[in-house]
Amino acid sequence: MKTRLISALLACMMLASLTACANEEPGKTPDESTVQTTENVTTEETTEETTEPVAELAFNSEVLSDLGMTYPNIANKRGELIDFGMPSGGVAYIFENGFGYIWGPDDIDWDPELKNGDPYPVPPKDENGNYDFSNFSLPNPQVECSAIITSSADNLFLGLTDALHISEIEEIYGISHIETGESGEFGNFCSTFTYEDKTIAVFTTEKEWITPNAIVTIEMT
């Protein structure tokens, strides 16, 4: 009886072992029962194309707003006096945040010590080579500015990046062309326009073609 019980117990143990082996996949160890899968993710790089902003083509009437102002008012608006010029018919005072503002010889309070018989005295320079305007002759504070000069036409014609014909300047910027003639002052030719009650003269090297770096003068009509 005891021998039969032991035989039956051994048979059960062998049956359990055979069942476990049958449940395992061929070629795999028990440690390989858990399989991890890695999902491949493809990332696409996108490049955003940026375009340079296009400057608006517009007439900068703000430049003209200084005409008719006195020297003290322009100085308060445009900042420090940094340079000067001597166009025919006057002296141009150039400010750090503005342009050249012209007064005629009779509109300037000449300093007798600076004048020394010369029509346009040059101010002395400091140790850094900058003009010292502390004693420079300035316009009469009661006399209004008669003209403005700028060395860059694109200060007036906003968005001007290439040469344009005077007909295009008229159409785009809304000013009227009067005439174009030869000039020996700031260029080979001078094209004259009108805008409201102002006269605009643009000095160019090529007849009837306006470039961004053309010199411009503006006067009251």
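Provided above is the structure to which this section pertains.
No experiment lies behind these values; they were computed from the predicted model shown. (Residues numbered from 1 in each chain as written. Predicted model: local features only at pLDDT ≥ 70, side-chain atom pairs only at ≥ 80, totals over all residues. Heavy atoms only, no water.)

Student: Describe the overall build of the protein chain, naming the residues involved and giving the relevant values.
Tutor: In terms of helices and strands, the protein chain carries four helices and 14 strands. For the protein chain, with 221 residues in total, the buried portion stands at 31%. Sequence-distant contacts, at least 24 apart, represent 51% of the contacts inside the protein chain between residues at least 6 apart. Of the roughly 14,800 Å² that the protein chain leaves accessible, carbon and sulfur atoms contribute 49%. (Helix = DSSP H or I, 4+ residues; strand = E, 2+ residues; numbered from the N terminus. Buried < 20%, exposed > 50% of the residue type's maximum accessible area, 1.4 Å probe, protein only. Contact = heavy atoms within 4.5 Å. Areas by Shrake-Rupley, 256 points an atom, 1.4 Å probe, with all protein chains shown as cover.)

Student: Kindly report on the packing of aromatic side chains, identifying the contributing residues and their values.
Tutor: In the structure shown here, the tally under the stated rule is 15 aromatic pairs. Taken together, the ring pairs in this structure connect Y71, F84, Y93, F95, Y101, W103, Y131, F133 and F136 into an aromatic cluster. Positioned above the aromatic ring of Y131 is the side chain of K125, whose terminal nitrogen or guanidinium carbon lies 5.0 Å from the ring centre. (Phe/Tyr/Trp six-rings, centres within 6.5 Å; stacked < 30°, edge-to-face > 60°. Lys NZ or Arg CZ within 6 Å of the ring centre and 35° of its normal.)

Student: Outline helix 4 (residues 166–173), supporting the account with residue identities and numerical values.
Tutor: Taken together, the buried positions of helix 4 are occupied by I166, I169 and Y173. Down the axis of helix 4, the buried side of the element spans an arc of 55°, and every buried residue falls inside it. In this structure, the buried residues of helix 4 make contact with strand 1 (58–59), strand 8 (157–158), strand 9 (164–165), strand 10 (176–182), strand 11 (189–195) and strand 13 (209–210). Of the residues trailing helix 4, G174 is marked for its positive phi of about 70°. (Arc of directions from axis to C-beta.)

Student: Break down the pairing of strand 4 (residues 100–103) for me, citing the residues and quoting the values.
Tutor: Burial along strand 4 is two-sided: the face carrying G100 and I102 and the face carrying Y101 and W103 are both buried. With four bridges joining them, strand 3 (residues 91–95) and strand 4 adopt antiparallel strand pairing. Looking across to strand 4, one finds that I94 is bridged to G100. The antiparallel hairpin formed by strand 3 and strand 4 contains four residues in its connecting segment. The sheet contact formed by strand 4 and strand 7 (residues 147–150) spans three bridges and is antiparallel. Residue pairing for strand 7: G100 is matched across the bridge by I149. (Pairing = 2+ DSSP bridges.)

By themselves these figures say nothing about function.
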